[in-house]
Amino acid sequence: AGSRSFYDEPRRKLLDFIQWFCSKQGQSSGCPCVNTSRISLFGFSDGATVAVELLTTRRFSAAVIASYGFTGKLPPQAVDRLYDIPIWLFHCATDTIFPVACSDRLVTILRNKAAENGYTNVESLIKYTRFDDDQEGFIGPLRGHTTGITASRCADVYEWLLSVSPSSSSLWSSS
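Quantities reported herein were computed from a predicted structural model and do not represent experimental measurements.

**Digging into the overall build of the protein chain**
Of the regular secondary structure elements, the protein chain holds 8 helices and 4 strands. The secondary structure elements of the protein chain, listed N-terminal to C-terminal, are α-α-β-α-β-α-β-α-α-β-α-α. When burial is assessed residue by residue, the protein chain has 42% of its 175 residues classed as buried. The long-range fraction of contacts in the protein chain, counting pairs at least 24 apart against all pairs at least 6 apart in sequence, stands at 65%. Accessible surface, the protein chain as shown: approximately 9200 Å² in total, 54% of it carbon and sulfur. Computed over 17 positive and 17 negative side-chain charges, the separation of the two mean positions in the protein chain equals 7 Å.

Put into structure tokens, the structure is as follows:
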């Protein structure tokens, strides 16, 4: 049997897939042409943690992170690679799966690092939408763990992603 979840897959496989998708080989296989300077990530739950890890490669122009669940402390090198990438986090105080403190901690550390490095409007670079209660009306074991749904329904998210400046140097080869 295969992996029970993409979370168990090596991150390299995800990056290799995106690389192939953007390549001439991917296009000849039917993939659309991609502006590689505007590739962004959307991660929810375990996918939010994976998205933050992938962002450290600096190959993405921005990310939307919902219900981030890493409970540890990010290594300084990761913070150095993340603080200047536009990120919009969503989390709910009543999340029964991942504590909202995970997103609170990530927002604080990235905003502090951005401020230390001269960014004056850190709230627009690292955006945070923190709900007091489940916006989708879920109750029971998934209560509060629905911010991925909420974020994906938010038109402002897509406008924001399109407003983010493209990456200055794309690390995705189109060959």
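**Topic: the packing of aromatic side chains**
Describing an aromatic ring pair means giving the distance of the ring centres and the angle of the ring planes. Tallied over the full model, the rule gives 6 aromatic pairs. On the numbers, 6.0 Å between centres and 35° between planes, the contact of Phe17 with Trp20 is tilted. Linking Phe17 with Trp20, this pair stays in helix H1 (residues 11-22), spanning 3 residues, or about one helical turn. Classification of Phe17 as partly exposed rests on a relative accessible area of 48%.

**Quick notes on the pairing of strand E1 (residues 40-44)**
Side chains Leu41 and Gly43 of E1 all project onto a buried face; the interleaved residues Ser40, Phe42 and Phe44 project onto a face where none is buried. Across 5 bridges, the pairing between E1 and strand E2 (residues 62-66) is parallel. Bridge pairing in E2 places Phe42 opposite Val64.

**Remarks on the environment of Thr150**
On the secondary structure map, Thr150 appears in helix H7 (residues 147-152). Residues Thr150 and Ser165 lie 15 residues apart in sequence; the distance between their C-alpha atoms is 24 Å. Setting aside residues up to four positions removed in sequence, Thr150 forms contacts with Phe131, Gln135 and Glu136.

**Observations regarding the sheet that holds E2**
The parallel open sheet is built from 4 strands, whose spatial order is E1-E2-E3-E4. This sheet does not close on itself; its edge strands, each paired only once, are E1 and strand E4 (126-131). Averaged over all adjacent pairs, the angle separating strand axes in this sheet is 10°, with direction ignored. With 4 bridges joining them, E2 and strand E3 (residues 87-92) adopt parallel strand pairing. Along E3, the bridge assignment pairs Ala66 with Phe90.

**Details of a nonpolar patch on the surface**
The grouping of Ile97, Phe138, Leu142 and Ile149 at the surface amounts to a nonpolar patch, some 300 Å² of accessible area in total. Within the secondary structure, Phe138 is located in the loop between E4 and H7.

Conventions and cut-offs
Residues numbered from 1 in each chain as written. Predicted model: local features only at pLDDT ≥ 70, side-chain atom pairs only at ≥ 80, totals over all residues. Heavy atoms only, no water. Helix = DSSP H or I, 4+ residues; strand = E, 2+ residues; numbered from the N terminus. Buried < 20%, exposed > 50% of the residue type's maximum accessible area, 1.4 Å probe, protein only. Contact = heavy atoms within 4.5 Å. Areas by Shrake-Rupley, 256 points an atom, 1.4 Å probe, with all protein chains shown as cover. Lys, Arg positive; Asp, Glu negative; His and termini not counted. Charge placed at Lys NZ, Arg CZ, Asp CG, Glu CD. Phe/Tyr/Trp six-rings, centres within 6.5 Å; stacked < 30°, edge-to-face > 60°. Pairing = 2+ DSSP bridges. Axes fitted to C-alpha atoms, helices over the stretch in contact; angles between N-to-C directions. Patch = residues over 30% accessible without salt bridge, like charges linked within 9 Å, V, L, I, M, F, W, Y side chains within 5 Å. Salt bridge = Lys/Arg side-chain N within 4 Å of Asp/Glu carboxyl O.

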